[in-house]
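Here is what each chain is made of, one letter per residue.
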Amino acid sequence: GAVVSQHPSRVICKSGTSVKIECRSLDFQATTMFWYRQFPKQSLMLMATSNEGSKATYEQGVEKDKFLINHASLTLSTLTVTSAHPEDSSFYICSANLGTQYFGPGTRLLVL
Amino acid sequence: KQEVTQIPAALSVPEGENLVLNCSFTDSAIYNLQWFRQDPGKGLTSLLLIQSSQREQTSGRLNASLDKSSGRSTLYIAASQPGDSATYLCAVGARGGADGLTFGKGTHLIIQP
């Protein structure tokens, strides 16, 4: 139990395009999901907290207009990287809260 | 603001050795602490979860301890194997899981055959 999936697992896009990443809790409902980012050889950094039915809470330094988060249901949160640029290339990973956090497998984004 | 530090940053040992990875955190008001393993280019594998009221957790050759008052945790790996080679991440959670986790930078472990 407590499985979290992410889609896509890998995406390559051109600079200026938008990319949507989905995070799903497969066998449980999660009112809260989290989005993290990991740059090469760095640790995971929390970007934002996604709350079902309300606005996401962003960490300091994370642009809310660039990283759009939608938590439309109790099993799905989406992260949209708008007008992506090469510096947005990173490993994005989500987690869902069920008392403890269960992590998805991550999405590797490469912006050319 | 919570800060998590892991020492050493990297470690290379011959297989068979017992080893200890260290994690320290600045704010002792934690809800839980987790140890994860991350293989290159992959996601996270949860190894051990210690609630703030617990002192240690064990799983197979792994043992994690928690001293909340001093802000420290250790991950003990017994009889290390080449398959244990990975980056080990320590993360602390607060507020009953309502907040995201704060991660350390990890210990990159290499077990030499």
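Right above here is the structure, for reference.
The structure presented is a predicted model; accordingly, all values stated were derived computationally and were not measured. (Residues numbered from 1 in each chain as written. Chains lettered and ligands numbered in written order. Predicted model: local features only at pLDDT ≥ 70, side-chain atom pairs only at ≥ 80, totals over all residues. Heavy atoms only, no water.)

1. A short note on the state of the cysteines
And step 1. Inspection of every chain in the model, using the stated rule, returns 2 disulfides over all chains.
And step 2. Disulfide pairing is shown between Cys 23 of chain A and Cys 94 of chain A; the S-S distance is 2.0 Å. Torsion about the S-S bond of the Cys 23 of chain A and Cys 94 of chain A cystine: about 80 degrees, corresponding to right-handed handedness. Of the two residues, Cys 23 of chain A sits in strand E3 (residues 19-25) while Cys 94 of chain A sits in strand E9 (residues 90-98), which places them 71 residues apart along the sequence.
And step 3. Taking relative accessible area as the criterion, Cys 23 of chain A reaches 0% and is therefore assigned buried.
And step 4. Disulfide partner of Cys 23 of chain B: Cys 90 of chain B, at an S-S distance of 2.0 Å. The disulfide joining Cys 23 of chain B to Cys 90 of chain B has a torsion of about -60 degrees about its S-S bond and is therefore left-handed. Here Cys 90 of chain B lies in strand E9 (residues 86-93) and Cys 23 of chain B lies in strand E3 (residues 19-25), a separation of 67 residues in the sequence.
And step 5. Accessibility expressed as a relative area gives 2% for Cys 23 of chain B, which makes it buried. (Disulfide = S-S within 2.5 Å. Helix = DSSP H or I, 4+ residues; strand = E, 2+ residues; numbered from the N terminus. Buried < 20%, exposed > 50% of the residue type's maximum accessible area, 1.4 Å probe, protein only.)

2. Points about the sheet that holds strand E8 (residues 76-81) of chain A
All names here are of chain A.
And step 1. Pairing is antiparallel in the open sheet, where 4 strands are placed in the order E1-E3-E8-E7. Bordering the open sheet on either side are strand E1 (4-7) and strand E7 (67-73), each of which pairs with just one other strand. For this sheet, the mean inter-axis angle between neighbouring strands, taken without regard to orientation, is 15 degrees.
And step 2. Both E1 and E3 contribute to a ladder of 4 bridges, which runs antiparallel. Bridging across to E3, Val 4 finds its partner in Ser 25. (Pairing = 2+ DSSP bridges. Axes fitted to C-alpha atoms, helices over the stretch in contact; angles between N-to-C directions.)

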